[in-house]
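# Remarks on the overall topology
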Amino acid sequence: MYLYLPVALTSINIIIPIGLGLVVGLLSGLFGVGGGFLMTPLLIMLGIPATVAAATDSNQIVAASTSGTYAHWKIGNVDFKMGFHLLIGGFIGGLFGVQAIKILVAMGNADFVIKMTYVLMLGIIGAYMLVESLNSMKKNKVEDAKPEKESGVARLLKFLPLQTHYEKSGVIHSALMPIVLGGFVGVLAAIMGVGGGFLMVPVMVYILRMPMHVVVGTSLFQILFNSIEVTFLQAYTNHNVDFMLAVLLLLGSTIGAQVGAVFGRKLKGEQLKVILAVIVLVVTVKIIFELTMAPSLLLSQAGGH
Amino acid sequence: MRKAQKPEVRGQKLTCFFIAVAALLGFIAFGSNVSAELTINANHSHITIDLFYNGSTVSVSGLSDAGTDLIIKIAAKDGHEMLKQKGKAAGLLWMNMGTLKFEHAPNLYFIHSTKKIDDILSMEEMNNYVIGYSALSKHIEIAPVTNDEERTRWFSEFIRYKEASNLYVVSSEQIKTTNENGKQKYYMKTDWPYQAPPGEYLVTVYAVKDKKIIEKAETKVLVEQVGIIKMLSGMAANNGTMYGIISIAVALGAGFGVGMVFRKGGGAH
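What this report covers is the structure whose coordinates are included nearby. A quick note: this is a predicted structure, and the numbers were derived from the prediction, not measured. (Residues numbered from 1 in each chain as written. Chains lettered and ligands numbered in written order. Predicted model: local features only at pLDDT ≥ 70, side-chain atom pairs only at ≥ 80, totals over all residues.)

What follows covers the overall build of chain B. Summing up its helical and strand segments, chain B has seven helices and 13 strands in all. In chain B, buried positions account for 29% of the 269 residues. Across chain B, every contact between residues at least 6 apart in sequence was considered, and the portion connecting residues at least 24 apart equals 66%. (Helix = DSSP H or I, 4+ residues; strand = E, 2+ residues; numbered from the N terminus. Buried ≥ 20, exposed ≤ 12 C-beta atoms within 10 Å, placed from the backbone. Contact = placed C-beta atoms within 7 Å.)

Here you go:
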């Protein structure tokens, strides 16, 4: 059955967005990512204008992350304190990122910088996660991890003010840490035009040293607030949110997120990291292909950045 | 059913009236020498976009003099379009390199003819009536381009882009003709793409003889959003605040709703 999308001005077979929502929602519930880096390009491939695809995806992520956060909260996997601190940083970082985009566009090489940032960030993060989690899986089999190997940087960080105990994650950090790191992710996410879940997850795992399952729930929690903000701004400023398309997508993604949360409980943290790393690397390879292969059409709708 | 255009009679004073009547009689006498009549009728001239819209079909039919070739043009009003142009950065990577502006470009442009237009119409007539891609290439302005070669290249890319969206078609196989009582009946059925946005589209049939257009007749196709589609697109454009709040509220409700259902079903516990 086909439905007409009033803002995208196109018609779509409803099975496609519902199925797409289901798959991306599953990834969201499993790994704590919004899935924009997968969903937006797929929607564009289906003929949805780029700006509408990105805006509508953020609306859909509101639903998927609500569903996912709810599922993870029920099983005690959301660190609200950490989530709030990351959000504060992410909000400030987003403001800087938007300014950075303006400067890049004025300089005339925005697209090049954005694409390169994307490839490099995805490639480095994917490769690091894959190698690290495979190594730790091997180590765990042989012996328990060494009890203490504190670096100079880690000792220095302990002298920062506002040392806070994040009970849910079982870590003690200065509150400035998640704020600054959230800000860093916020800048990059705004430049790349993505939600930043796939950046935030490794930051929480490797720098904030949070357990993987709490990372997933907490990431979804802060994605929920980010996506609400982005959806509202897109609807208010650019009039690009397609309500019909968002409803079709969220029919799949809300259920997918629940299923993902259930599956996630059955997998170990390291296994989750390996799978996420592989997905991130596959997306990186896909982008590299797109950059190097001649496109079939040399013109596309203007909009976005 | 509409016939070839006739001048309107205006004026209140008697002299003006006589002049107008004389002009009208002269036009009819001249017109009948050129062609008895050319008629056009679009069977689906009001297309409504509702929730289940997935494009439509439009058929165009009418009568013409026997022995004339026919060209049917369906086009949107001239507009302008901004498109991103892809190119190679650093000679290696394909990415958006800038924006091109296409001025006087109709959003939809269908040309159907009984034979290939190059074989039945002179270049001059094609350009006068903007019939065919070659005439369209002279009609559309592209900026910024530095030379003719670049212009030609981006025009052909523009056609490829439009054809990929089913918005531009040039074909000489769709029109069917039959002769009846010394008249030629014509009929054409064409798919109407869902990509064509709401608006008014002009349908013109041209009768062609000796490489010249001897007569034309026009009708219109109106594409309009109705019902919930009209309501949503109007709200998205005119009341972004409310639209945004409703979109977010529905998404939050759906997320919580599904969460509750799974909880009751014991999915996560």
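This next bit is on the sheet that holds strand 3 (residues 56-65) of chain B. Residue and element names in this part refer to chain B. If you walk across this open sheet you meet the four strands as 1-3-11-10, and the pairing is antiparallel. The open sheet has two free edges, formed respectively by strand 1 (41-42) and strand 10 (176-180), since each of these has just one partner strand. Where strand 3 meets strand 11 (residues 183-192), 10 bridges bridge the pair, whose relative direction is antiparallel. Counted as the bridge partner of Ser56 is Trp192 from strand 11. (Pairing = 2+ DSSP bridges.)

This next bit is on the interface of chain B and chain A. Counting residues at the interface gives 50 residues for chain B and 48 residues for chain A. Mapped by element, the contributors of at least two residues to the side of chain B that touches chain A are strand 5 (78-89), strand 6 (93-106), helix 5 (148-164), helix 6 (227-238) and helix 7 (240-265) of chain B. Sorting elements by how many residues they give to the side of chain B that touches chain A places helix 7 of chain B first, with 16 residues. Residue composition of the side of chain B that touches chain A, grouped by class: 29 nonpolar, 16 polar and five charged. Across three bridges, the pairing between strand 5 (residues 299-301) of chain A and strand 5 of chain B is antiparallel. Of the residues in strand 5 of chain B, the one forming a bridge with A:Leu299 is B:Gln85. (Nonpolar A, V, L, I, M, F, W, Y, C, P; charged D, E, K, R; others polar.)

The next thing to look at is the pairing of strand 13 (residues 212-225) of chain B. Residue and element names in this part refer to chain B. With four bridges connecting them, strand 2 (residues 46-49) and strand 13 associate as parallel partners. Across the sheet, residue His46 finds its bridge partner in strand 13, namely Leu222. Pairing of strand 12 (residues 199-209) with strand 13 involves 11 bridges; the strand directions are antiparallel. Looking at strand 13, one finds that Tyr201 is bridged to Val221. The hairpin formed by strand 12 and strand 13 contains two residues between the paired strands, and Asp210 there has a positive phi angle of roughly 50 degrees.

Attention now moves to the environment of A:Leu122. Residues and elements named next belong to chain A. For Leu122, the location among the structural elements is in helix 5 (residues 110-142). Classification of Leu122 as buried rests on a count of 25 C-beta atoms within 10 Å. C-alpha of Leu122 to C-alpha of Leu281: the two residues are 159 residues apart in sequence and 6.8 Å apart in space.

With that out of the way, let us pick up the sheet that holds strand 7 (residues 109-113) of chain B. All names here are of chain B. Spatial strand order, 2-13-12-4-7-9: six strands in an open sheet with mixed pairing. Looking at strand neighbours, the two that pair on one side only are strand 2 and strand 9 (168-171), the edges of this open sheet. Direction aside, neighbouring strands of the sheet carry axes that sit 15 degrees apart on average. One ladder, built from four bridges, connects strand 7 with strand 9; its direction is parallel. If you follow Phe110 over to strand 9, its bridge partner there is Val169. (Axes fitted to C-alpha atoms, helices over the stretch in contact; angles between N-to-C directions.)

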